[in-house]
Amino acid sequence: MNRPLLAIALSFIAGIVLNALWGFVPGVLLFFALGCILFALANCYFTWSDNRLVLVLLFVLLGWFAAGVDGMQRPDGAERFAGHFVALEGMVTREPDVREEYTGYVLAVESVWLGDKRAPSGGLTLVRMYGGSAGYSYGDRLRVRGFLYQPEEPGNFGAFNYRDYLARRGIYSLMRVDRPDEVKRLGGGGNAVIRLALQSKQRLLQVASCTLDERQAAVLAGMLFGGKGGIDRFVNDIFIQNGVFHVLSVSGLHVGYVLAGVLLLAGVLRVPRRAVPFLALAVLLFYALMTGMGPAVVRAVVMAMLVLLAVQLGRERDWPNSLALAALVVLLFEPSALYEIGFQLSFAATWGILYLMHPIGKLLLKRWGLPRWLGIPLGVTIAAQLATLPLQVYYFNLVTPVALLANLLLVPLVGLIMLLGFLGSLIGIIFLPAAMLINIGTGELIDFFIGLAHLISLLPGGSSYVATPSWYAVALWYAGLVGLVEVISGRLSLLSVLPLPLSSLRMANRWKRLAPAGVAVLLVLIVLWPWGGAGGRMQVHFIDVGQGDSILVRFPGGRTMLVDAGGRSGDLNEGRSVGESVVVPYLHRLGMDKLDVLVVTHAHGDHAGGVPPVAEKLRVGALVLSGAPGYEELLDIIDPLDIPVCRVGAGQVLHIDEAVEVAVLAPAGEMPADAAEDLNNASLVIRLDYGQVSFLLTGDAEQEAQQKLLDSGAPLQADVLKVPHHGSRFFAPEFFDAVAPDYAVIQVGKNNRFGHPARDTLDALDSAGAHVLRNDRDGAVLITTDGRDVSVQTAR
């Protein structure tokens, strides 16, 4: 108990975790907490024994209770009207989230109007306003009319759970507003200090947007205040691949630069030493309000103020207690922040720098003899990367060896960009031409930053994707990291637990030299192990892409084939978002950064729209198309990528894996030009045979194409059928009888406008004896086989 705050914080965190595991019974928790308090008081009076265990139990109960209260859903929330067009009245409680497609407003709902009937309400609703931002801001009271709905559960394995993400913020419903005239401002309100902070931020960013180009202004906004809404996809990808995306998320780095500026300004103005902590606190709190009071910012502000106070009072600084107090401050107000990626990464990075820097610094400075100007920044970067690596792999599946170089070269530029950008924007509020002069240099520096980051991202082996590890692999990493540091520092000896034959002096010395290296190698293997690999089996993933098709085949020998990449009905550009937000992340979660074969059954947007982002973000060995027309636009888009293109037709075999036969059953090799009028019936139909198990993938083949397959005499019987055309009513009943599948998978979106799947189709599949699986109901479907047995998993 030399560090009581650490014990209290860990106990409080344990309580939050217990709430997630076993739920929340407020009366019981309060009863036991009151009992702990009374026992502790009696213990102090009668001096029975030590109170430490009682205090630990008390804070476990308090953490449990706080998490339970924080997660309680209001019974009068607007979500009870989900599925209806309603009008909401309430106040905007946060800064608007401006995006390319819409502007998001978090509304503290006061009442709901269903027709002419008013119902008092509470809680928060996220209003998405399409058709351009109307310029509303924090504190505005609005009346909005639109369609109210609840976020869906994720449909794919391991996908980001947006519903839980919103629920942790108290948001249980969303509203879509399609026209600006459906919104009316009723008045103003809110906290005056928060409103001032956000207005100041917007005024600074307005100057930046007037004096910099769009890309430069977006990057500056990200570095100053953490906004990512305006950053284009190219820059975003570069930052991610380099492992420097954290410069766009306000954290300790940014707070440190702000604090350094305050201290420098205080020195120039000769501010009395006793007043400096109060000045710094005021500036840092105002800055935190401008950035949204995220967990990383609050953590950095609390720790910065503790350091200043320790210096002011002449007290010894103890980083474990400081880190624990920062965690307590965040979690007391928002217990659910424990599950936020930003919270975990921020505290992990800070812990790594403070705990790992000492042994790493000794290695770099003393053993390797690096100069301090290089050794200290390099040590900080290594420590932060080691501490955050398992979380980055677990959440983002990304390993970035180039991050060491990128952080060393790029992070120092961030402080200079922030300084010039802030000064330029501040001066521009008074005299805009002066800001234009200053921001000429700022813009050039931002362009240099992006250019250098791009060059670093081109280094071979700079980044790669690995499969999502198990949660216990993450825990083992941290346990092993702590053990490694303790062994190196001499505070822990492994000799005492070695078997007796190894206890000789010679073996002990050899073990002492080799143990750290062995543990380090083991740690890397734990996190980078190919978790969830095919393991000699064939896996067929029917990915949930909504109203579209995307099927991933992982062959027993390790090769991969993607059949279609989802999208939306319409042109290819409308479907890009599905490839970027659904298919590419799905492949990355499996540790894939390349595809051996990418098949596009036909050129409709709901099959081919997601192909361009897949081809851009993964290395594709070959693109396989049919001989039908309609692929011209797709080929124009991916032509710069230099991917070999193969045209195939009925009777051909794709040689991908020795154990699996991949046969093309339709369509014919060359097709007439008028086939473009009926691309569905020109779909590629592919048959997979692995041992005794077969799959039939049919694209959007309709009744005409199905009849041709029946007449061709092609082998149609299969254990698993990808139902043609999302289960539409245009089918040949005898086709399903000929296939006679055990499992029939329908790739279809929920509440689609086409009415898929048709009732007649479902009845025909039932008559054929098939067990029907659907993306709209079951989420993604994973079918695994060893060539004899078949196992089925669904995401829902």
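Residues numbered from 1 in each chain as written. Predicted model: local features only at pLDDT ≥ 70, side-chain atom pairs only at ≥ 80, totals over all residues. Heavy atoms only, no water.

When helices and strands are counted, the protein chain shows 25 helices and 27 strands. Its C-alpha radius of gyration of 30 Å places the protein chain within 12% of the 28 Å reference for a compact globule of 796 residues. When its C-alpha atoms are laid out on the principal axes, the protein chain stretches across 90 × 85 × 65 Å. With 796 residues in all, the protein chain has 49% of them scored as buried. One way to put it: in the protein chain the 61 positive side-chain charges average out to a point 16 Å from where the 67 negative ones average out. (Helix = DSSP H or I, 4+ residues; strand = E, 2+ residues; numbered from the N terminus. Rg over C-alpha atoms; globule rule 2.2 N^0.38 Å. Buried < 20%, exposed > 50% of the residue type's maximum accessible area, 1.4 Å probe, protein only. Lys, Arg positive; Asp, Glu negative; His and termini not counted. Charge placed at Lys NZ, Arg CZ, Asp CG, Glu CD.)

Another aspect to go through is the side chain of S173. In this structure, S173 sits in strand β7 (residues 171–177). One polar contact links S173 to T125, side chain to side chain, over a distance of 2.8 Å. Once residues lying within four places of it in the same chain are set aside, the contact partners of S173 are A78, E79, L124, T125, L126, L148 and Y149. (Polar contact = N/O pair within 3.5 Å; in protein donor to acceptor, adjacent residues only side chain to side chain. Contact = heavy atoms within 4.5 Å.)

Where helix α11 (residues 319–333) contacts helix α12 (residues 341–367), the two axes come as close as 11 Å, and the packing angle between them is 170°. The angle between α11 and α12 places the two elements in the roughly antiparallel class. Of the residues in α12, those touching α11 at W319, L323, A326, A327, V330 and L331 are F343, F347, T350, W351, L354 and Y355. Taken together, the residues that form the contact of α11 with α12 break down as 11 nonpolar, 1 polar and no charged. (Axes fitted to C-alpha atoms, helices over the stretch in contact; angles between N-to-C directions. Parallel < 35°, antiparallel > 145°, perpendicular 65-115°, else oblique. Nonpolar A, V, L, I, M, F, W, Y, C, P; charged D, E, K, R; others polar.)

What follows is about unusual backbone geometry. Residues A666 and P667 are joined by a peptide bond in cis, for which omega reads 0°. You can see P667 is positioned in the loop between β20 (660–666) and β21 (685–690). Note the cis peptide between H756 and P757, where omega equals -5°. Unusually for a residue other than glycine, R270 sits at a positive phi of about 55°. By the secondary structure assignment, R270 is in the loop between α8 (252–268) and α9 (276–291). The class of R270 is exposed, set by a relative accessible area of 74%. Of note in the backbone geometry, M293 takes a positive phi value of approximately 55° without being a glycine. If you trace the backbone, M293 turns up in the loop between α9 and α10 (295–313).

Moving on, we get to the pattern of salt bridges. Enumeration over the complete set of coordinates arrives at 25 salt bridges. R576 serves as the salt-bridge partner of E616, at 2.8 Å between the closest nitrogen and oxygen. Of this pair, E616 sits in helix α20 (residues 611–617) while R576 sits in helix α18 (residues 572–589), placing them 40 residues apart in sequence. Using a relative accessible area of 38% as the deciding quantity, one classes E616 as partly exposed. Because the salt bridges share partners, they merge into one network encompassing R233, R576, E580 and E616. (Salt bridge = Lys/Arg side-chain N within 4 Å of Asp/Glu carboxyl O.)

Hydrogen bonds between backbone groups are what pair the strands of a sheet, and the pairing can be parallel or antiparallel. Taken together, the 8 strands give an open sheet; going across it, the order is β18-β17-β15-β13-β12-β11-β26-β27, and neighbouring strands pair in mixed fashion. In this open sheet, the two strands that pair with only one neighbour each are β18 (645–648) and β27 (790–794). Pairs of neighbouring strands in the sheet enclose a mean axial angle of 20°, with direction left out of account. In this structure, strand β11 (residues 538–542) lies alongside strand β12 (residues 551–554), joined through 4 bridges in antiparallel fashion. (Pairing = 2+ DSSP bridges.)

On to helix α14 (residues 403–430). An ideal rise of 1.5 Å per residue puts 40 Å on 28 residues; α14 measures up with 39 Å between its terminal C-alpha atoms. In α14, a bend of some 30° at L410 exceeds every other bend along the element, and P412, a proline, comes one to four places later. (Expected span 1.5 Å × (residues − 1). Bend = angle between axes of the 7 residues up to and from the residue.)

Before going further, it helps to spend a moment on a negative patch on the surface. The grouping of E100, E101, D213, E214, E444 and D447 at the surface amounts to a negative patch. You can see E444 is positioned in helix α15 (residues 432–457). Residue E444 is classed as exposed on the basis of its relative accessible area of 55%. (Patch = residues over 30% accessible without salt bridge, like charges linked within 9 Å, V, L, I, M, F, W, Y side chains within 5 Å. Areas by Shrake-Rupley, 256 points an atom, 1.4 Å probe, with all protein chains shown as cover.)

There is a patch of nonpolar side chains on the surface, built from L416, L419, F422, L423, L426, I427, I429, I430 and F431 and spanning about 820 Å² of accessible area. The residue I430 is located in helix α14 in this model.

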